[in-house]
Amino acid sequence: MQAALNVAAVLTRICDWAARIAAVLLVVLVAVIMYDVIGRKFFDTSSFVLQDLEWHIHGVIAMFAFGYAYTRDAHVRIDVLAHRMNPRFRLWLELWVVVLLVIPFFAIIVWYGYEFAERAFVRGEGANGGRGLPHRWVIKSVIPVAGLVTIAGCAAVVLRILAVLRRPDLVETPFIERGLWKR
């Protein structure tokens with residue numbers, strides 16, 4: 001079981017690094033938006049490239065945070081019935097839902113996301129009308145990468161759920177409680 005927890009720790013680190021990239025990009029996004037707004041309001045220098053860049057950075061931030069959010073149990077849940085369930089049953093339910101629904105869903109996203117990005121690369125896709133950012137494949141490549149990061153986070157939680165169910169002396173909860181920048 002300790003080996004499974006070590007694998008879960010490595011998978012969680014992958015999610016942590018993706019979330020750190022997203023955190024740094026959040027600062028970059030704020031700077032780009034401020035530059036765009038100040039330029040548009042005071043200097044009449046609106047740019048389609050900046051607006052595309054804002055959307056692209058925002059997309060990377062959102063997609064890279066999925067796996068991290070799941071490892072921290074910080075994602076959106078609808079727990080209408082959960083408070084009535086036995087904690088052990090909830091863990092088993094979480095495990096089977098992740099294994100049978102969530103991971104296959106993100107595997108499909110990775111599969112088709114790769115094709116989506118590859119097609120954009122082969123066609124040399126750019127912004128509509130040629131006024132925004134070129135190389136649309138770059139942002140489309142984030143889709144399969146983020147899907148893999150999310151699968152890593154899901155696999156880490158599944159391994160920790162198994163540890164909680166089989167060896168509760170090793171781990172109390174399948175979710176990480178520490179912050180992004182702390183070990």
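Residues numbered from 1 in each chain as written. Predicted model: local features only at pLDDT ≥ 70, side-chain atom pairs only at ≥ 80, totals over all residues. Heavy atoms only, no water.

S.K.: I would appreciate a short explanation of the pattern of salt bridges in the present structure.
M.R.: When the charged atoms of two side chains with opposite charge come close together, those side chains can pair. Using the criterion set out here, one finds five salt bridges in the structure. The shortest N-O distance in the salt bridge between Asp-16 and Arg-72 comes to 3.0 Å. Here Asp-16, found in helix 1 (residues 2-42), pairs with Arg-72, found in the loop between helix 2 (48-71) and helix 3 (87-123); they are 56 residues apart in sequence, far enough to count as distant. Two residues, Lys-140 and Glu-125, come together in a salt bridge whose shortest N-O distance is 2.6 Å. With a gap of 15 residues between them, Lys-140 in helix 4 (residues 137-166) and Glu-125 in the loop between helix 3 and helix 4 connect regions that are remote in the sequence. (Salt bridge = Lys/Arg side-chain N within 4 Å of Asp/Glu carboxyl O. Helix = DSSP H or I, 4+ residues; strand = E, 2+ residues; numbered from the N terminus.)

S.K.: Can you walk me through the environment of Ile-33 in this structure?
M.R.: Of note, Ile-33 is situated in helix 1. For Ile-33 and Gln-51, which are 18 residues apart along the polypeptide, the C-alpha to C-alpha distance reads 8.3 Å.

S.K.: Explain helix 3 here, please?
M.R.: In an α-helix, one full turn covers 3.6 residues, which means residues spaced three or four apart are oriented alike. Look at helix 3: 51 Å from first C-alpha to last across 37 residues, which is about the 54 Å you get at 1.5 Å a residue. The sharpest bend along helix 3 comes to roughly 40°, located at Val-98. Burial in helix 3 covers these residues: Leu-91, Glu-94, Leu-95, Val-98, Phe-106, Val-110, Gly-113, Ala-117 and Ala-120. Looking at the packing, one finds that the buried side of helix 3 touches helix 2 and helix 4. If you check the start of helix 3, you find a side-chain oxygen 2.9 Å away from the backbone N of Arg-88, and it comes from Asn-86. Phi turns positive, to about 65°, at Gly-124, one or two residues after helix 3. (Expected span 1.5 Å × (residues − 1). Bend = angle between axes of the 7 residues up to and from the residue. Buried < 20%, exposed > 50% of the residue type's maximum accessible area, 1.4 Å probe, protein only. Contact = heavy atoms within 4.5 Å. Polar contact = N/O pair within 3.5 Å; in protein donor to acceptor, adjacent residues only side chain to side chain.)

Structural measurements only, silent on function.
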